[in-house]
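As a plain string of letters, each chain reads:
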Amino acid sequence: MAESKPRVWVSQPLFDDIVARLAEHFEVDATRDVTAWSPAQVAAKLGEVDGALVTLNERIGEDELAAAGRLRAVANVGVGYNNLDIGALESRGIVATNTPDVLTDTTADMAFALLMAAARRITEGERWLREGRWTQWSFDTLLGSDIHGSTLGILGMGRIGQGIARRGAHGFGMRVLYHNRSRLADGIERNCRADWVDFDTLLREADHLVLVLPYSPATRHVIDSTALAKMKPTATLTNIARGGLVDEVALADALAHGRLASAALDVFEGEPAVDPRLLALRNVVLTPHVGSASLATRRAMAALAVDNLVAALGRGPRAGRPPTPVTGVSSPGTGKR
Ligand code: GLV
């Protein structure tokens, strides 16, 4: 009798031609429409499969794993994996993987797009124009702040942070400061033309601060009212990492009262819901979590996630050696960038 194929669940529509590769090895339960799976539905799906290919929409913790008796691998499509409780997965011997590297440059590009939109008031200007308020050119319309020659502050200096630093230093002649738990090797600092500073110095000195650090309970609201009060009132803040890094109420307050010039947010604590206080402000650029959303990069992410799942379930040329496993993390909700 032919051996039955392992079964895998793909939680959201990706690219059909890429997902189709899973069918060479597995029986595939592929979701056809974008779906808001409830925790109970995720638990039920995980109870039926050997592997799952999931996105940041699906949280997988103790409860969702309660009935996952045969689950052996979870491949996350995304570099951040704060949706996964790595400790809970590790304790059951379930392999977790993510998709680093393939999205580094695309996400660093987007950080710059957001930073520039905030500094030069691009979306604010577009809204103003569309509202028919441009009746005559005037010298002082929408005065913003410069990028070139300014100080770029980067909080979190992983691969994406380094990509942002290189763009700032080499492309725009910015002075680059960063803060990270650990200081980078001299060679990397030189390549990025970036200097390590303590957190307070970063806040005080940055003309443009970009958040690109992992989200975990320890980094929740790292930008709160105290941190915002240390920033220059002329500064911009860009968040390309996870919404929970910023206390959005404190941010909205600082933006509304001129204690911070502008912000650009691609991520939100309660996404897809966005705090109405932010929606009401003109000096904040808002995008719907699309940092890595170029076609080529999203395809590369899907392909890497498929390769990871195939290998983690012991199939294909890299059987047992998934290209990008999440390793060495055992606390819940820790995402790496
Ligand atoms: C997206 O947010 C990712 O972590 O890849």
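All of these numbers come straight from a predicted model, not from anything done at the bench. (Residues numbered from 1 in each chain as written. Predicted model: local features only at pLDDT ≥ 70, side-chain atom pairs only at ≥ 80, totals over all residues. Heavy atoms only, no water.)

S.K.: Explanation requested: the pairing of strand β10 (residues 236-239) in the structure shown.
M.R.: Every regular strand shows the same layout, with side chains that alternate between the two sheet faces. Residues Thr236 and Thr238 line one face of β10 and the alternating positions Leu237 and Asn239 line the opposite face, and both faces are buried. In terms of strand pairing, strand β9 (residues 208-211) meets β10 through four bridges, oriented parallel. Bridge assignment links leucine 211 to a residue of β10, and that residue is asparagine 239. Taking the sense of rotation as the criterion, the β-α-β connection linking β9, helix α10 (residues 225-230) and β10 turns out right-handed. Of the strand pairs in this sheet, β10 and strand β11 (residues 262-265) are connected by four bridges, and their pairing is parallel. Its bridge partner lying in β11, threonine 236 is registered against serine 262. (Buried < 20%, exposed > 50% of the residue type's maximum accessible area, 1.4 Å probe, protein only. Helix = DSSP H or I, 4+ residues; strand = E, 2+ residues; numbered from the N terminus. Pairing = 2+ DSSP bridges. Right-handed = clockwise from strand over helix to strand, strands pointing away.)

S.K.: Whenever I open this one, the sheet that holds strand β7 (residues 175-179) confuses me. Can you help?
M.R.: The strands that make up a sheet pair up through hydrogen bonds in the backbone, lying either parallel or antiparallel. With respect to topology, seven strands assemble into an open sheet ordered β8-β7-β6-β9-β10-β11-β12, the strand pairing being parallel. The two strands at the open ends of the sheet, each matched to only one other strand, are β8 (194-196) and β12 (284-286). Each neighbouring strand pair of the sheet contributes to a mean axis angle of 20 degrees, computed without reference to strand direction. Together, β10, β11 and β12 form the strand contacts of helix α11 (residues 248-256), whose direction differs from that of β11 by roughly 145 degrees. (Axes fitted to C-alpha atoms, helices over the stretch in contact; angles between N-to-C directions. Contact = heavy atoms within 4.5 Å.)

S.K.: Would you mind going over the domain arrangement of the protein chain with me for this structure?
M.R.: Put simply, an interface is often sized by how much accessible area is lost when its parts join up. Its domain assignment divides the protein chain into domain 1 (7-102 + 295-312) and domain 2 (104-286). Taking the mean C-alpha position of each, domain 1 and domain 2 sit 31 Å from one another. Across the boundary between the two partners, domain 1 contributes eight residues, which contact seven residues of domain 2. Here domain 1 and domain 2 share one salt bridge between them. (Domains from an automatic or database assignment. Salt bridge = Lys/Arg side-chain N within 4 Å of Asp/Glu carboxyl O.)

S.K.: Looking at this model, I keep getting lost on the site of the ligand. Mind explaining?
M.R.: Residues in close proximity to the ligand total eight residues, the closest being Gly78, Val79, Gly80, Arg242 and His289. One of the side-chain nitrogen or oxygen atoms of arginine 242 is found 2.8 Å away from an oxygen atom of the ligand. About the coverage of the ligand: the protein hides 91% of its 190 Å² of free accessible area. Applying the majority rule of atoms within 2 Å of the grid points places the ligand in the largest pocket. Considering only residue class, the shell around the ligand consists of three nonpolar, three polar and two charged. (Near = heavy atom within 4 Å. Polar contact = N/O pair within 3.5 Å; in protein donor to acceptor, adjacent residues only side chain to side chain. Areas by Shrake-Rupley, 256 points an atom, 1.4 Å probe, with all protein chains shown as cover. 1 Å grid on protein atoms, 1.4 Å probe; cavity = no way out; pocket = protein on both sides within 12 Å on 5 of 7 lines; lining within 4 Å. Sits in = over half its atoms within 2 Å of the grid points. Nonpolar A, V, L, I, M, F, W, Y, C, P; charged D, E, K, R; others polar.)

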